[in-house]
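An overview of the molecular structure
The chain contents come next:
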Amino acid sequence: MAILILISVLLLSAPAASENEVTGIIGESVLLSCDLKSSTAIDTARLRFHWQDESERVLYSFDKGEENQHQDSLYTNRTKAFRSEMSSGNMSIKLSQVTLEDKQNVYRAFATLFGENDKHNHPCRTTLLVAARFPTPSVTVNKTNMNSTCSTQGGYPRPMVTWTIQDRGNRTLDPWEVQTNITPDSESGLYSVWSQVNITENQTVTCHIFNPVLRETVSNTTIVSPSKSINTDPAGDVQKGFTPINITPIIITIVIIPVLILFSIGGYFVYKKRCGASGGTIKVEGNNHQRNGHVETELLDRCSRASDNLEAD
């Protein structure tokens, strides 16, 4: 009995509420922490505690070993406690599938250790901030209108959009130099971002999307180059770079064909020289003509036969 009274005193004399602020990512889980910091083991058979939101809907309940007898339907299958650690004072729970409706909610934990007047205390208080990460933005270039567009969607809360340009230096554009449209989706409540700036060639432009709850920035950079095709905007013209020409057919036409023609002409004049300018009748007597060897002999023989055929006609 003395130990039970001591535990009750420890619980009921705890600070009014430990303030805590956590950030939950939409669709993921978040820990709502609460530690009674008891120096002695707590008998969970005598323990009752529950978590509730600021509308007094119960997230999780533990009653002498029984769980979630009083849980609100909004949190069905979304909470889990750490039963093996309750005896040491860990009353934390994990809230899964964080939704946009959970934002800015204040959750409180209430604990009772039966045995002394069944009193409640308020050991823990947690404010939940909700966020969703923005994907890396797409940055496109429209060379017809000379502008660059940045777009992304599916983040929360409303972000801050800035542009930096590098040409001769590095500077952040003023708001009047940027056209930005940030709109929430009618169903999910998540934000879509569209932003546009004017550009010139030989610039490097970067679009930055800053999430104020997560305190993180996603960025993307593109180079505005007259020779690099970097535009993916279907409404604009694609930046066309230099396309190498296949010069092989040209080389064949200019070099190979004239060489073949020269060989043909050269062959013709050799023929004329061997056979005579007027289609003469050079005769070959035996095989004694050795000026160019056997090949010359055969060539002269063919010339002679060709001349004989002409005479026969």
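Residues numbered from 1 in each chain as written. Predicted model: local features only at pLDDT ≥ 70, side-chain atom pairs only at ≥ 80, totals over all residues. Heavy atoms only, no water.

What counts, and what does not: UniProt positions are given in the numbering used here, feature names are shortened, and annotations may be inferred rather than shown by experiment.
As named in an unreviewed UniProt entry, the protein chain is Ig-like domain-containing protein, taken from Oncorhynchus tshawytscha. Turning to the protein chain, the UniProt record has this under Subcellular location (unreviewed entry): "Cell membrane".

**Comments concerning the state of the cysteines**
Applied cut-off: Defined by distance alone, a disulfide is two cysteine sulfur atoms within 2.5 Å. For helices the rule is a DSSP run of H or I covering at least 4 residues; for strands it is a run of E covering at least 2, with both sets numbered from the N terminus onward. Burial classes follow relative accessibility: with a 1.4 Å probe on protein chains only, a residue under 20% of its type's maximum area counts as buried, one over 50% as exposed, and anything between as partly exposed.
Evaluation of the coordinates by the stated rule reveals 2 disulfides. There is a disulfide in this structure between cysteine 34 and cysteine 124, and the S-S distance comes to 2.0 Å. Across the S-S bond of cysteine 34 and cysteine 124 the torsion is about 80°, and the bridge reads as right-handed. Residue cysteine 34 is found in the loop between strand 2 (30-32) and strand 3 (47-52), and its partner cysteine 124 is found in strand 9 (residues 121-131); the two are separated by 90 residues along the sequence. We classify cysteine 124 as buried; its relative accessible area is 1%. The disulfide that involves cysteine 150 links it to cysteine 207, with 2.1 Å between the sulfurs. Judged by the sign of its S-S torsion, about -70°, the bond between cysteine 150 and cysteine 207 is left-handed.

**Some details on the sheet that holds strand 10 (residues 138-142)**
To be explicit about the condition: Paired strands are those between which DSSP finds at least two bridges. Here an angle of 0 to 180 degrees is reported between the N-to-C directions of two axes, which are lines fitted to C-alpha atoms, with helices fitted over the stretch in contact.
One open sheet accounts for 4 strands, arranged 10-11-15-14; its pairing is antiparallel. Every other strand in the sheet has two partners, leaving strand 10 and strand 14 (178-184) as the edge strands with one partner each. Geometrically, the sheet is characterised by an average inter-axis angle of 15° between neighbouring strands, direction not taken into account. Sheet topology places strand 14 next to strand 15 (residues 191-198); 7 bridges connect them, and they run antiparallel. Bridge pairing in strand 15 places proline 184 opposite tyrosine 191.

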